[in-house]
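# Tertiary structure, described
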Amino acid sequence: MKDKQVYRNLKEVTPDALETVKRNFQWVADKLELLMPKPTARAVVIMGSPSDLSHCKKIEAACQQYGVPCELRVSSAHKGTNETISILQQYEGEGIPTVFIAVAGCSNGLGPVLSGNSTGPVINCPPLAGEWATADIWSSLRLPSGLGCSTVISPDGAALATAQILALRDHMIWATLRAKQLNTWIALKQADRQVKDS
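Bear in mind that the values here come from a model prediction, so they are computed numbers and not experimental data.

Thresholds, definitions, all that
Residues numbered from 1 in each chain as written. Predicted model: local features only at pLDDT ≥ 70, side-chain atom pairs only at ≥ 80, totals over all residues. Heavy atoms only, no water. Pairing = 2+ DSSP bridges. Helix = DSSP H or I, 4+ residues; strand = E, 2+ residues; numbered from the N terminus. Contact = heavy atoms within 4.5 Å. Axes fitted to C-alpha atoms, helices over the stretch in contact; angles between N-to-C directions. 1 Å grid on protein atoms, 1.4 Å probe; cavity = no way out; pocket = protein on both sides within 12 Å on 5 of 7 lines; lining within 4 Å. Points joined across faces, edges and corners; volume = space filled by probe spheres on them. Nonpolar A, V, L, I, M, F, W, Y, C, P; charged D, E, K, R; others polar. Expected span 1.5 Å × (residues − 1). Buried < 20%, exposed > 50% of the residue type's maximum accessible area, 1.4 Å probe, protein only. Arc of directions from axis to C-beta. Core = buried A, V, L, I, M, F, W, Y, C linked by side-chain atoms within 4.5 Å. Polar contact = N/O pair within 3.5 Å; in protein donor to acceptor, adjacent residues only side chain to side chain. Parallel < 35°, antiparallel > 145°, perpendicular 65-115°, else oblique. Left-handed = near helix turned anticlockwise from the far one by under 90°.

## Points about the sheet that holds strand E1 (residues 42-47)
Ordered by their spatial adjacency, five strands build an open sheet running E2-E1-E3-E4-E5, and the pairing between neighbours is parallel. Strands with a single pairing partner mark the edges of an open sheet, and in this sheet they are strand E2 (70-74) and strand E5 (150-151). Two strands pair when backbone bridges link them, and strand E4 (residues 122-124) and E5 are joined in this way by two bridges, in the parallel orientation. Bridge pairing links Asn124 to Thr151 in E5. Contacting E1, E2 and strand E3 (98-103), helix H4 (residues 81-92) runs over the sheet at an angle of about 160° to E2.

This is how it looks when you write it as structure tokens:
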């Protein structure tokens, strides 16, 4: 027996009995993940380096505002191509609609490698900074033929584009987007009225 009845049936609370209860609760906690439903859609942000984590956290936070489950991974297309493709295959094999967001700076091979090996959408969102930013962006914009990854510079924009793609199949994400659009429309109408009346 693994439920709380074990605790109720105790005639005397002893250290051994409490250990049994703890083991049972841990067993339930371990099995709980198996009972959780898989997401109906998701974003997977793959960063080329852990130094890109703060940029990726911004994307993750923005995805959550749209109700998009988001996972963060680290893999370099240049230094670990096989591992990058293995991660991609793992997600594609689960059959869950997924948008991949590639976060790589100076020489973005990550987005093109993901795009060339995936049938799903890939969005580049490079962490542009410093004096090389204007040169680095070109590795996300100029791609070889046959690759279809888009590039969005802001983390919020990458999350919005992801939500719009996933909203085609997920009614909850679609409803969240529509509600945000309606709230924006209302705010603009109110601002217009205030300006007009002042």
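Anyway, onward from the coordinates.
## Here we look at the layout of surface pockets
What the largest pocket holds in volume is close to 260 Å³. Together, 14 residues line the largest pocket, and Gly48, Ser76, His78, Ala104 and Gly105 are the ones closest to its centre. Classifying every residue of the lining of the largest pocket by side-chain character gives four nonpolar, eight polar and two charged.

## Quick word on helix H2 (residues 15-35)
For H2, spanning 21 residues, the distance from its first C-alpha to its last is 30 Å, which sits close to the expected 30 Å at 1.5 Å a residue. Inspection of H2 places Ala17, Val21 and Asn24 among the buried residues, and these make up the whole buried set. Angularly, the buried residues of H2 cover 60° about the axis, an arc narrow enough to put them on a single face. In H2, the exposed residues that point more than 90 degrees away from the buried face are Pro15, Asp16, Lys22, Arg23 and Glu33.

## Comments concerning the nonpolar core
Judged by nonpolar contacts, the single largest core of 24 residues is most densely connected at Val45, Ile59, Cys63, Val68, Ile101, Val103 and Ile173. Every element with two or more residues in this core is listed here: E1, helix H3 (53-65), E3, helix H8 (155-166) and helix H9 (171-197). No other element matches H8, which puts five residues into this core. Each residue touching Val45, except ones within four places of it in the same chain, is listed here: Cys56, Ile59, Cys70, Glu71, Leu72, Arg73, Ile101 and Val103. Core analysis: the next-biggest nonpolar cluster, separate from the first, contains 13 residues, Val44, Leu88, Phe100 and Cys149 among them.

## Quick notes on H9
Between the first and last C-alpha of H9 there are 39 Å, a value that for 27 residues agrees with the 39 Å anticipated at 1.5 Å per step. A distance of 2.9 Å separates the backbone nitrogen of Met172 from a side-chain oxygen at the start of H9, and that oxygen is part of Asp170.

## Quick look at the environment of Asp156
For Asp156, the position within the fold is in helix H8. For the pair Asp156 and Glu60, spaced 96 residues apart in sequence, the C-alpha separation works out to 9.2 Å.

## Points about the pairing of E3
Of all six residues making up E3, six are buried, and the element is well covered by its neighbours. By the alternation rule, side chains of E3 split into Thr98, Phe100 and Ala102 and Val99, Ile101 and Val103, which are all buried. With six bridges joining them, E1 and E3 adopt parallel strand pairing. Residue Met47 lies in a different strand from E3, and its bridge partner there is Val103.

## Here we look at the packing of H3 against H8
Between H3 and H8, the least distance of the axes is 8 Å, while the angle of their chain directions is 45°. The angle between H3 and H8 places the two elements in the oblique class. The two elements H3 and H8 cross, and the hand of that crossing is right-handed. Facing H3, whose interface residues are His55, Lys58, Ile59, Ala62 and Cys63, H8 presents Pro155, Asp156 and Ala159. Its residues placed into classes, the contact of H3 with H8 shows five nonpolar, one polar and two charged.

## Points about the side chain of Thr162
By secondary structure assignment, the location of Thr162 is in helix H8. Once residues within four sequence positions are removed from consideration, Thr162 is found in contact with Ala43, Val68, Val99, Ile101 and Ile123.

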